[in-house]
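The primary structure of each chain is shown beneath.
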Amino acid sequence: MSIRKSLILSYTQKYTTIVFQFISMLVIARLMTPIEIGIFATGAAYVALAAVFCNLGQLDFLIKTRELDAPKLRASFGLSLLATSICTLLLFIINTLLNNNNQELYSVILILAIANLLQPFSLLYRARLYREMDFGQLYLVNTAKDAALAFGSIGFVLFGYSSLGLALGLLGEKLVLIIFALFHRRQYSYYLPSLKGMSKQFNFGLLRTGIHGLSAIGEALSKLIISTQLGFSSLGL
């Protein structure tokens, strides 16, 4: 693919995403109350805080490493799956202890935690597309997941799922990525987790989390403080 075509696809993807986001925000703002939006935002902040520690930058590692072989792919997948599973389990426990009296918030966090748990299963596929600079396939995949998120969220909200609808839309986005990953080259052996070489990926992940995680932690904590001190409606405005 030529550089010109790659740039066109890259910019087109950027503005396609903006269009989907604008449409969903415009419709959802008319369908949901600030309290409902605030409940979802609070749940998303919980999961975003956990995601800082469970992602471990494996997508960046797979994209930037010079030589990528089966052991590295399996180690990155294994590390990502292990870290995400531990964080999701801790999130379930914290959610049960803190939000059991608010069933809607509890359910939102539960759905978002499951969506976060699915992320490792599209990790290798996304890394391969970025490494190979397959902008055509990236445009197709990103457009499909953006459409699933936008129209899925709108559809669930229209059917009365309220803040759960936004969480279900995000879950649908992760499922779309997994579907694409399953049918891409079908090299399922890479999805057998391995401990070999995992220490290198782990050290990279810790360094990346330390460098880039502070801003995400600050943003998530600020949202949680607002919802706790001022209420869901203040966060949803």
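Quick caveat, the model's predicted, so the values are computed rather than measured.

> Teacher, can you tell me more about the overall build of the chain here?
Scanning the chain for helices and strands turns up ten helices and zero strands. In the chain, the succession of helices and strands from N to C terminus is α-α-α-α-α-α-α-α-α-α. In terms of overall dimensions, the chain has a C-alpha envelope of 50 × 40 × 30 Å along the principal axes. Counting over 237 residues, the chain shows a buried share of 41%. Of the contacts formed within the chain by residues at least 6 apart in sequence, a portion of 81% connects residues at least 24 apart.

> Could you clarify how one ought to interpret unusual backbone geometry in this entry?
Where the residue is not glycine, phi is negative for most of them; where a peptide bond is considered, it is trans in most cases. Located in the positive-phi region is methionine 133, a residue other than glycine, with phi close to 50 degrees. Within the element layout of this structure, methionine 133 appears in the loop between α6 (123-131) and α7 (135-158). You can call methionine 133 exposed: its relative accessible area is 53%. One non-glycine residue with positive phi stands out, namely serine 162, at about 55 degrees. Within the fold, serine 162 resides in the loop between α7 and α8 (163-182). Since its relative accessible area comes to 13%, serine 162 is described here as buried.

> What is the right way to read the pattern of salt bridges from this model?
Between side chains of opposite charge, a pair can form when the charged atoms approach closely. All chains considered together, the criterion is met by four salt bridges. In this structure, the salt-bridge partner of lysine 145 is aspartate 146, at a minimum N-O distance of 3.4 Å. In this structure, lysine 145 and aspartate 146 share a single accessibility class: buried.

> Can you help me understand the environment of glycine 43 in this one?
With respect to the element layout, glycine 43 can be found in helix α2 (residues 34-54). By relative accessible area, which is 0% here, glycine 43 ends up buried. Put simply, glycine 43 and asparagine 99 are 56 residues apart on the chain and 10.0 Å apart in space, counted from C-alpha to C-alpha. When neighbours within four sequence positions are excluded, glycine 43 is seen to be in contact with Leu105, Val108, Ile109 and Leu112.

> What's the story with α7 in this structure? I'm lost.
Helical periodicity: at 3.6 residues per turn, an α-helix aligns residues three or four positions apart in one direction. The first and last C-alpha atoms of α7 sit 34 Å apart over 24 residues, in line with the 34 Å expected at 1.5 Å per residue. Within α7, the full set of buried residues consists of Leu138, Val141, Asn142, Thr143, Lys145, Asp146, Ala150, Ser153, Ile154 and Val157.

Calculation criteria
- Numbers given to residues run from 1 along each chain, matching the order in which its sequence is written.
- A pLDDT threshold of at least 70 governs which residues receive local features in this predicted model, and a stricter bar of 80 or more applies before side-chain atom pairs are shown or counted, although totals over entire chains, interfaces and linings include all residues.
- Side-chain metrics rest on all non-hydrogen atoms present in the structure, leaving aside hydrogens and water.
- Only DSSP runs of H or I covering at least 4 residues are called helices, and only runs of E covering at least 2 are called strands; the numbering of each starts at the N terminus.
- Here's how the labels work: a residue is buried when its accessible area is under 20% of the maximum for its type, exposed when over 50%, partly exposed in between, all with a 1.4 Å probe on protein chains only.
- By definition, residues are in contact when any of their heavy atoms lie within 4.5 Å.
- Should a side-chain nitrogen of Lys or Arg be within 4 Å of a carboxyl oxygen of Asp or Glu, the pair is scored as a salt bridge.
- What a helix is expected to span follows from its residue count: subtract one and scale by 1.5 Å.

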